[in-house]
Amino acid sequence: MSVDVFSRIRDWAPKELLTLFDQLVYFFPPETRLSLKRVIDTVPPTPDNFTRIYEMIREQWSDLSSQDHVTIAVVGPGQTGKSGLVRALTRRQAGNSVSFAVVDVQGLDEYLGYRSEAGLSDDLVAADVVLLVLDAQYALSESTVRMYRKLSQAPAKVIPVLNKIDLVERPRATLKAAGRQLKAGVLPLSLFDEESIDDLLRGIVASSPRSLYALSRAFPEFRKALGRQIVNEAAFAATVAGALRIPFPLFLPAAALHGAMILKLARTCGLKLNLERAREIIPLLALDIAVDRGTDYLEKRFPERKTLIAASVSGAYTFALGHAAIKYFDSIAGVFETARVLPGPGSDDFTWNRD
Ligand SMILES: Nc1nc2c(ncn2[C@@H]2O[C@H](COP(=O)(O)OP(=O)(O)OP(=O)(O)O)[C@@H](O)[C@H]2O)c(=O)[nH]1
Ligand SMILES: [Mg+2]
């Protein structure tokens, strides 16, 4: 039996992450494993940079547990563009991994559960995401703000959307005012602008990461935009990880972030990539060690720029790796483009390296 390098953090680090680490460490020579273990064993169980970095990594990995079906409820007052929005999204949708429920304001009392002692209506409980569609031409009323508060008590993620933003003279100021009133991020929308529908989809994934897989399957042409967002997020996390000093080599958190990023990118391309498959990306992640060595060298040459070097190299490399991965997955996914809708999770139909 070989030593368990990660015994010290096994209790609390995410299981998927530990599996990846275990596989990564498998490629190390025994002495490297031992010295790594010595470092891990010194990690204090108190909140510190180490915990911070691991919380961040855990977040990135938890996004992977996305659902294969998402229900989006579209609610709001009359004539705000609810039906138009659902039509626009349905028109673009391939397959049926996303379903919509439109609820107008008349039905909203019932929807919010005012009339039933039992609490929230079934519709609302079933929704994963609620889009509260408002008309940007009008200032938010008190009752709209109350409606938003009520909806926010539901388990679903509620996203306020200001539609008809094309009819507003000062869109930025309007958004800002609405955001202040609702104390929440508000998304602009114009149903006459395709790009703004893309932005809305991105906004949905950002506030409800579990919808990533279903949305990228439903909207194939939106995958690239989603991929870019995943890479940016990972690059940002890697930059932060590079800036925080930790008592062990940066390639471990970097490899963990890269692992999550690559698995997510594969998902946006509709490729089923489970942890078994993750093993195949290990040689790629081993590059992280090389980058780590390079960073080490630079840090020794320019000790006064240490943090800046670690942070920027880590971020920039993540960015480059992410974009290479997008190209790679895209070319694989292209083979299956004729089918348009790619098999979902749980389908054993294909693996990422099938040709
Ligand atoms: N200029 C502009 N008009 C829009 C936009 N979205 C919707 N509209 C118009 O707003 C009107 C209402 O759109 P609907 O989609 O029927 O709105 P609704 O919320 O379903 O309306 P009800 O079902 O009656 O509550 C239509 O005349 C649309 O053309 C937009 O982004 N910009
Ligand atoms: Mg309607």
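You'll find the structure just up there.
A short tour of the structure in this document, coming up. (Residues numbered from 1 in each chain as written. Chains lettered and ligands numbered in written order. Predicted model: local features only at pLDDT ≥ 70, side-chain atom pairs only at ≥ 80, totals over all residues.)

### Considering the overall build of the protein
Argument step 1. Within the protein, the secondary structure is distributed over 15 helices and five strands.
Argument step 2. Counting across all 355 residues of the protein, residues that qualify as buried make up 38%.
Argument step 3. Expressed as a percentage of contacts within the protein between residues at least 6 apart in sequence, the contacts between residues at least 24 apart total 76%. (Helix = DSSP H or I, 4+ residues; strand = E, 2+ residues; numbered from the N terminus. Buried ≥ 20, exposed ≤ 12 C-beta atoms within 10 Å, placed from the backbone. Contact = placed C-beta atoms within 7 Å.)

### With respect to the site of ligand 1
Argument step 1. Surrounding ligand 1, one finds 15 residues, the nearest of these being G78, G81, K82, S83 and G84.
Argument step 2. With three residues, helix 4 (residues 82-92) is the single largest residue contributor to the shell around ligand 1.
Argument step 3. When grouped by side-chain class, the residues that make up the shell around ligand 1 number three nonpolar, eight polar and four charged. (Near = placed C-beta within 6 Å. Nonpolar A, V, L, I, M, F, W, Y, C, P; charged D, E, K, R; others polar.)

### Considering the packing of helix 9 (residues 194-207) against helix 11 (residues 223-243)
Argument step 1. Running from N to C, helix 9 and helix 11 cross one another at 45°; their axes reach a closest spacing of 10 Å. The angle between helix 9 and helix 11 places the two elements in the oblique class. Here the hand of the crossing between helix 9 and helix 11 comes out right-handed. Note on element contacts: helix 11 touches helix 9 through A225, L226 and Q229, opposite D198, R202 and V205. (Axes fitted to C-alpha atoms, helices over the stretch in contact; angles between N-to-C directions. Parallel < 35°, antiparallel > 145°, perpendicular 65-115°, else oblique. Left-handed = near helix turned anticlockwise from the far one by under 90°.)

### What to know about the environment of A320
Argument step 1. By secondary structure assignment, the location of A320 is in helix 15 (residues 306-334).
Argument step 2. Judged by the 13 C-beta atoms lying within 10 Å of it, A320 is partly exposed.
Argument step 3. Sequence separation between A320 and V231 is 89 residues; the distance between their C-alpha atoms is 8.8 Å.

None of this, on its own, says anything about what the molecule does.
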